[in-house]
Amino acid sequence: IQLAAPARTLVEHVRIIGQPATMVGGGLYLSGTSGYMILRNLFVSYIQGAAINIDIANELHIEGGRIYGSGSSSVGVRVNGASTIHITDTDISYVEQGILLQSGAASTVMITQAKFRGDVKGLAIMDNSLVTLTGANFISCYHDSIYMGPGTSGSLVMYGGTIRDAGVASCPTPATLCNGLRS
């Protein structure tokens, strides 16, 4: 589903469902949004690609819902340009990267009471965003629960929450992978 949304948009109770044998290529693609957007109770299962792909948005709120991936080649939320993003009460499970903040992704990202389970990397920060985690839980991420890429000068603040069992399933190179937080 591609949205080039107007000034205010509410997308509520949307289900995009694939199956293990027939994966969905992606979920929502958001581009050119100039105002305030809310995605509430979105459910996406068995994806390859990005469940939520954001190219340009001023303010985006993702409230509730669940993203369930296929493991490889899947991203829960990919952000490539936004001013403010607030993700709350969302479960992002079994994707390659739970949230991927790419170059110029966002100036402010607030993640509250989100759960990252069984992701290869729970949160990948590849830009200079200010990221605030409040009560976020990273459970059994295969490599890094939180990863800050090389050359990033962003900031990470974490209040409460849990980082547990990073690298629980496999750790190909313990010296460089399988960390709770790696920068």
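Everything below is about the structure printed above this text.
Report follows, based on the coordinates. (Residues numbered from 1 in each chain as written. Predicted model: local features only at pLDDT ≥ 70, side-chain atom pairs only at ≥ 80, totals over all residues. Heavy atoms only, no water.)

Quick word on the overall build of the protein
Within the protein, the regular secondary structure consists of zero helices and 20 strands. The burial tally for the protein puts 48% of its 183 residues in the buried class. Considering only contacts in the protein between residues 6 or more positions apart, those separated by 24 or more positions represent 58%. Approximately 7800 Å² of the protein is accessible, and the part contributed by carbon and sulfur atoms is 51%. (Helix = DSSP H or I, 4+ residues; strand = E, 2+ residues; numbered from the N terminus. Buried < 20%, exposed > 50% of the residue type's maximum accessible area, 1.4 Å probe, protein only. Contact = heavy atoms within 4.5 Å. Areas by Shrake-Rupley, 256 points an atom, 1.4 Å probe, with all protein chains shown as cover.)

Re the packing of aromatic side chains
Following the criterion strictly, the structure yields three aromatic pairs and no others. Ring centres of Tyr46 and Tyr68 lie 5.4 Å apart, and the angle between their planes is 75 degrees; this geometry places the pair in the edge-to-face category. Of the two residues, Tyr46 is situated in the loop between strand 5 (36-45) and strand 6 (49-54) and Tyr68 in strand 7 (residues 57-68); the sequence distance between them amounts to 22 residues. Given the relative accessible area of 24%, Tyr46 is considered partly exposed. Looking at Tyr68, the relative accessible area reads 23%, which means it is partly exposed. Taken together, the aromatic side chains of Tyr46, Tyr68 and Tyr94 make up a single cluster linked through ring pairs. (Phe/Tyr/Trp six-rings, centres within 6.5 Å; stacked < 30°, edge-to-face > 60°.)

Details of the pattern of salt bridges
For the coordinates displayed, the defined rule picks out four salt bridges. The shortest N-O distance in the salt bridge between Arg40 and Glu12 comes to 3.1 Å. Of the two residues, Arg40 sits in strand 5 while Glu12 sits in strand 2 (residues 8-12), which places them 28 residues apart along the sequence. Looking at Arg40, the relative accessible area reads 26%, which means it is partly exposed. (Salt bridge = Lys/Arg side-chain N within 4 Å of Asp/Glu carboxyl O.)

A short note on the environment of Gly135
In this fold, Gly135 is placed in the loop between strand 15 (130-134) and strand 16 (137-139). A sequence separation of 24 residues divides Gly135 from Tyr159, and the C-alpha atoms of the two residues are 6.2 Å apart. Excluding residues within four positions of it along the chain, Gly135 makes contact with Gln113, Ala114, Tyr159, Gly160 and Gly161.

Digging into the nonpolar core
Counting 39 residues, the largest nonpolar core has Leu39, Ile52, Val77, Ile99, Ile111 and Leu123 as the members making the most contacts within it. Of all hydrophobic cores here, the second largest spans five residues; its members include Val75, Leu100, Ala124 and Tyr147. (Core = buried A, V, L, I, M, F, W, Y, C linked by side-chain atoms within 4.5 Å.)

What to know about unusual backbone geometry
Phi at His13 is positive, roughly 55 degrees, even though this residue is not glycine. Mapped onto the fold, His13 is located in the loop between strand 2 and strand 3 (15-17). Positive phi, normally seen in glycine, also occurs at Ser140, with a value near 55 degrees. Here Ser140 lies in the loop between strand 16 and strand 17 (144-148).

Notes on the environment of Gly118
Checked against the element boundaries, Gly118 lands in the loop between strand 13 (115-117) and strand 14 (121-125). A residue is classified by how much of its surface remains accessible, and Gly118, at 7% relative accessible area, is buried. Sequence-wise, Gly118 and Asp165 are 47 residues apart; in three dimensions their C-alpha atoms are separated by 9.7 Å. Excluding its chain neighbours within four sequence positions, the residues that come into contact with Gly118 are Tyr94, Val95, Ile139, Ser140, Cys141 and Tyr142.

Let's talk about the pairing of strand 6
Here strand 6 lies mainly inside the structure; five of its six residues are buried. Two strands pair when backbone bridges link them, and strand 4 (residues 28-30) and strand 6 are joined in this way by three bridges, in the parallel orientation. Looking at strand 6, one finds that Leu30 is bridged to Ile54. (Pairing = 2+ DSSP bridges.)

Regarding the side chain of Thr152
Tracing the chain through its elements places Thr152 in the loop between strand 17 and strand 18 (155-159). A polar atom in the side chain of Thr152 sits 2.9 Å from the backbone oxygen of Gly149. Contact partners of Thr152, with chain neighbours within four places excluded, come to Ile125, Met126, Asp127 and Asn128. (Polar contact = N/O pair within 3.5 Å; in protein donor to acceptor, adjacent residues only side chain to side chain.)

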